[in-house]
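Chain and residue survey
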Amino acid sequence: MYIALRMSHMKDRLELNLFEDSEAFDLMQRILQKQEKNAHEKKILNTNRMFLETGDSRNSTVPKKSLPSDMMTCIQLFVVHVEECGHFWAHECDEQQMKSLHDLQSEINKPSNIQIAAPIMNPVAGSLCIAPYEGQYFRAKIAAVRGNEAQVYFVDYGNSEVVNFGVIRQLLPGFKALEFQAIECVFAEIAPPMGGQYTPAMNQMFANMLLEKLVYCEIYSVDKGVLRLKRVVSAEDQCVDYHSILYAKGMVTKQEESFTSQQNHQLRYGGGCLGQGQDPSEEGQGEGHWGFGLDEDIPLPRTSYKRQTISGPFSPIELKFCGLAAHGRMKEVKVEPSSVNAIALDEEAADQHDRLMIAAVSSVNSSGNRIIARETTLMPNIHGLPALMCLLFAPSIIIR
């Protein structure tokens, strides 16, 4: 969505070719023939779904973990790591996948393979590697580099560790075939009590309840690659509902889900058209989906088609800003196009509280009806923060 809105603010507009009915029908027939040919050559399932494929999805060296499709509403999980209260990582209960992971771990930790894997002396954030944890090596991704240490994220278990450069080794090509096994999960529709944070005691209590436990889960949605769970019960005793326990102990309060999560929930339970694409942002990245360019093998008919400029897209969750000072309230505020905040999205659209953005430099255009904000920072969504900031910098205040 961010990329689409970003493109809508650029000067280069998207144009579509409009054809006569006969030309459109002929072009579609050639597309279907091309699709059937590719499906036969690649031995993949024939489908009528088409999409644009990015270079990242084609060049990915390790397949991403397949998340539940929009047809699934329940899943069985084994909890392998607890991040905090209501947030954990798990394995899907699949005997074949678990056996493959066990065999992979055995191969990685063979002395001969560890000796072949060269140490990485200059690690780069985002690259794959193997790193030690409790005496064994595991597949990992380098999350950050600080001095002579690196923070690594273990892609099959979800936990992170800070390790020295000397113990990080290359991930051999043969160990990249198995998809990452860790699934990130959160309890849906909950938040810390009183809008605060979970205490260490709460996190420990949650870990004692769920860590290394087999659970049955009712899926609320899949949003941004995270599995959001509506209900989690113990596989040993289905009367043990962990959502209910958290509410009963006062560890959480109810909170409405984000707009995108609600969209996926409606798609999952109310029907929709994405099919296998469980997350709209990941649509078309699964196995068996492919794309092709019309300009390669299927030339466009150039007899009568017209070009139509497309406006938009527009989103109801795109944030609009106005000046806080009295002389700027009636002026339109625009963030400089090169800023990451030029497009700001409100992921909590149901929250009616104002958001605050701070600009280090501001100027007015030649006509005087627009403020240009530069070097901006979008502040966290803390209720009442704009009023508190005004109080902090006011030379004197009167409480009425």
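Summary of the structure given here. Predicted model, so just to flag it, every value in this text is computed and none were measured. (Residues numbered from 1 in each chain as written. Predicted model: local features only at pLDDT ≥ 70, side-chain atom pairs only at ≥ 80, totals over all residues. Heavy atoms only, no water.)

Right, let's get into the sheet that holds strand β14 (residues 332-335). Spatial ordering of the open sheet is given by β14-β16-β15, a layout of three strands whose pairing is mixed. Two strands close off the open sheet at either side, each with one partner strand: β14 and β15 (357-364). Strand-to-strand, the axes of this sheet are offset by a mean angle of 40°, without reference to chain direction. Strand direction decides the pairing type here: β14 and strand β16 (residues 370-378), joined by four bridges, are parallel. When the bridges of β16 are listed, Lys334 appears paired with Ile372. (Pairing = 2+ DSSP bridges. Helix = DSSP H or I, 4+ residues; strand = E, 2+ residues; numbered from the N terminus. Axes fitted to C-alpha atoms, helices over the stretch in contact; angles between N-to-C directions.)

Here we take up the nonpolar core. Ranked by size, the top nonpolar core spans 29 residues in total, and within it Leu77, Phe88, Phe187, Phe206, Leu227 and Leu229 carry the most contacts. At the level of secondary structure, the elements contributing two or more residues to this core comprise β2 (74-84), β3 (87-92), β8 (183-187), α6 (200-210), β10 (214-223), β11 (226-234) and α7 (242-248). It is α6 that provides the largest number of residues to this core, a total of five residues. Setting aside chain neighbours within four positions, we find Leu229 in contact with Leu77, Phe88, Cys185, Val186, Phe187, Ala188, Cys217, Glu218, Ile219, Tyr220 and His243. Among the nonpolar cores identified, the runner-up in size contains 12 residues, and Ile120, Ala131, Val152 and Ile168 belong to it. (Core = buried A, V, L, I, M, F, W, Y, C linked by side-chain atoms within 4.5 Å. Buried < 20%, exposed > 50% of the residue type's maximum accessible area, 1.4 Å probe, protein only. Contact = heavy atoms within 4.5 Å.)

Our next topic: the layout of surface pockets. Considering only enclosed or pocket space, the largest pocket measures out at about 1200 Å³ in volume. Residue lining of the largest pocket: 34 residues in total, with Ile190, Ala191, Pro192, Gln255 and Glu348 positioned closest to the centre. For the lining of the largest pocket, the secondary structure elements donating two or more residues are β8, β9 (190-191), β11 and β12 (253-254). Looking at the lining of the largest pocket residue by residue, the classes come out as 13 nonpolar, nine polar and 12 charged. (1 Å grid on protein atoms, 1.4 Å probe; cavity = no way out; pocket = protein on both sides within 12 Å on 5 of 7 lines; lining within 4 Å. Points joined across faces, edges and corners; volume = space filled by probe spheres on them. Nonpolar A, V, L, I, M, F, W, Y, C, P; charged D, E, K, R; others polar.)

Let us look at the environment of Gln263. Tracing the backbone through its elements, the reader meets Gln263 in helix α8 (residues 259-270). You can call Gln263 partly exposed: its relative accessible area is 38%. A C-alpha to C-alpha distance of 8.4 Å links Gln263 and Ser221, two positions 42 residues apart in sequence.

As a further point, take the sheet that holds β2. Judged by pairing direction, the barrel is mixed, and its five strands sit side by side in the order β2-β3-β8-β11-β10 before closing back on the first. Between one strand axis and the next, the sheet turns by 55° as a mean value, whatever way the strands run. The strands that α8 touches are β10 and β11; relative to β10, the one it contacts most, it runs at about 110°.

Along the chain, Ser258 turns up in the loop between β12 and α8. At 3.4 Å, the side chain of Ser258 and the side chain of Asp223 are in polar contact. Setting aside residues up to four positions removed in sequence, Ser258 forms contacts with Asp223 and Glu347. (Polar contact = N/O pair within 3.5 Å; in protein donor to acceptor, adjacent residues only side chain to side chain.)

Now for the packing of aromatic side chains. Summed over all chains, the structure comprises eight aromatic pairs. Taking 6.4 Å as the distance between ring centres and 65° as the angle between the ring planes, the aromatic pair formed by Tyr133 and Phe138 counts as edge-to-face. Judged by relative accessible area, which is 28%, Tyr133 ranks as partly exposed. Take Phe138: its relative accessible area is 11%, and that puts it in the buried class. Taking 5.5 Å as the distance between ring centres and 85° as the angle between the ring planes, the aromatic pair formed by Phe138 and Tyr157 counts as edge-to-face. Here Phe138, found in strand β5 (residues 136-146), pairs with Tyr157, found in the loop between β6 (149-154) and β7 (160-164); they are 19 residues apart in sequence, far enough to count as distant. Connected via pairs of aromatic rings, a cluster forms that spans Tyr133, Phe138, Phe154 and Tyr157. The aromatic ring of Tyr269 is capped on one face by Lys230, whose charged end is 5.8 Å from the ring centroid. (Phe/Tyr/Trp six-rings, centres within 6.5 Å; stacked < 30°, edge-to-face > 60°. Lys NZ or Arg CZ within 6 Å of the ring centre and 35° of its normal.)

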